[in-house]
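Listed below, chain by chain, are the residues.
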Amino acid sequence: MSNTKSAESTLSEPIFNRQALVRLILPLLAEQFLSVSMGMADTLMVSGVGEAAVSSVSLVDSLNILIIIQILSALATGGAVISSQYLGRRDGEKAAKSAAQLYTVLAVSTIAVMLVILVLSRPILRIVFGRIDDDVMRFSQTYFLISAISYPFIGFYNAGAALFRAQGNSRISMLASLVMNIINICFNALFIYGLGMGVLGAALATLLGRVFAAAWVFWQQQQIENPLCIRHIADMKPDGDLIRRILGIGIPSGLENGMFQIGKL
């Protein structure tokens, strides 16, 4: 009888208490705000350059939100779900390998998107935004091209951030996002106001911030005590089964998350 009561009390106890949930959720909310604030900062800080600059950054930022925040984050979440399932089964080797496969998926997908944009940036902008002024198109193309170069870095950041969340640690990705925004604002001030680089300066500042975030989160993820660190480079060799499972979760989630932004575009 006592064993039955003990089992019932164990089942009724929550896995996470309120404090643990607050520690997980508050950094997530802050990170979501910070993830969209980079484009807002760029738009505000190029306002002195002219209306065409403001319009171009605002237009391209809507595309960046779709690609980076909606689609890439969803792919990263798919990989994190698979890794967390293996962690729950106490299968550390498979968990680490699925984490490595997540980096592979995001590296390949972001580089592919980057190459497409580098080659077809102008037609893409024409298709999405129709006929826009020549000045706006020129600035938009500049900002879009530099943004595309940053996609592999933000993909690595998203992968590492999702893997930390799978372990119940959302603080590291929040701190990386915070510093990324600070770097963006500081270099915006230098490039736009100090060097007069306009939209190009705003794009370069964003690129530098994303390079830092990717490098720092990946370095933190590779600490030896982290169960999801990449132990062997061979683990990043494409594994069809794991990739299909990651995409099976990530693609539907990305399409669902992106529908509102696609409608807005």
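Just so it is clear, the structure is predicted and the values come from calculations on it, not from any experiment.

**Quick notes on helix 6 (residues 171–194)**
Since the α-helix turns once every 3.6 residues, residues separated by three or four places project in the same direction. Its 24 residues give helix 6 an end-to-end C-alpha distance of 33 Å, which sits within 8% of 34 Å, the value for a rise of 1.5 Å per residue. What helix 6 keeps buried is the set I172, S173, M174, A176, S177, M180, N181, I183, N184, N188, F191 and I192. Where helix 6 terminates, the next one or two residues include G196, which has phi positive at roughly 65 degrees.

**Here we look at a nonpolar patch on the surface**
On the surface, I111, L115, V116, L118, V119, L120, I149, F153 and V211 cluster together into a nonpolar patch covering about 710 Å² of accessible area. Secondary-structure elements contributing two or more residues to the nonpolar patch are helix 4 (92–129) and helix 5 (134–166). With respect to the secondary-structure elements, F153 resides in helix 5.

**Considering the packing of aromatic side chains**
This model, assessed by the stated rule, comprises 4 aromatic pairs. Seen from their ring centres, F156 and F218 are 5.8 Å apart, and the 50 degrees between their planes marks the pair as tilted. In this pair, F156 is assigned in helix 5 and F218 in helix 7 (residues 198–221), connecting sequence segments 62 residues apart. Residue F156 is classed as partly exposed on the basis of its relative accessible area of 23%. Judged by its relative accessible area of 27%, F218 falls in the partly exposed class. Put simply, the rings of Y103, F156 and F218 touch in pairs and so form one group of aromatic residues. In this structure, R138 packs its charged tip against the face of F139, placed 5.1 Å from the ring centre.

**Considering the packing of helix 5 against helix 6**
Two measures define how a pair of helices packs: the angle their axes make with one another and the distance between the axes. The N-to-C vectors of helix 5 and helix 6 enclose an angle of 150 degrees; their axes lie 8 Å apart at closest approach. When the interaxial angle is binned, helix 5 and helix 6 end up roughly antiparallel. Each of I154, Y157, A161, F164 and R165 in helix 5 lies in contact with helix 6, whose residues at this interface are I172, S173, A176, S177 and M180. The class makeup of the residues in the contact of helix 5 with helix 6 is 7 nonpolar, 2 polar and 1 charged.

Rules of the game
Residues numbered from 1 in each chain as written. Predicted model: local features only at pLDDT ≥ 70, side-chain atom pairs only at ≥ 80, totals over all residues. Heavy atoms only, no water. Helix = DSSP H or I, 4+ residues; strand = E, 2+ residues; numbered from the N terminus. Expected span 1.5 Å × (residues − 1). Buried < 20%, exposed > 50% of the residue type's maximum accessible area, 1.4 Å probe, protein only. Patch = residues over 30% accessible without salt bridge, like charges linked within 9 Å, V, L, I, M, F, W, Y side chains within 5 Å. Areas by Shrake-Rupley, 256 points an atom, 1.4 Å probe, with all protein chains shown as cover. Salt bridge = Lys/Arg side-chain N within 4 Å of Asp/Glu carboxyl O. Phe/Tyr/Trp six-rings, centres within 6.5 Å; stacked < 30°, edge-to-face > 60°. Lys NZ or Arg CZ within 6 Å of the ring centre and 35° of its normal. Axes fitted to C-alpha atoms, helices over the stretch in contact; angles between N-to-C directions. Parallel < 35°, antiparallel > 145°, perpendicular 65-115°, else oblique. Contact = heavy atoms within 4.5 Å. Nonpolar A, V, L, I, M, F, W, Y, C, P; charged D, E, K, R; others polar.

Note that every value here comes from positions in space, so none of it alone points to a role or purpose.
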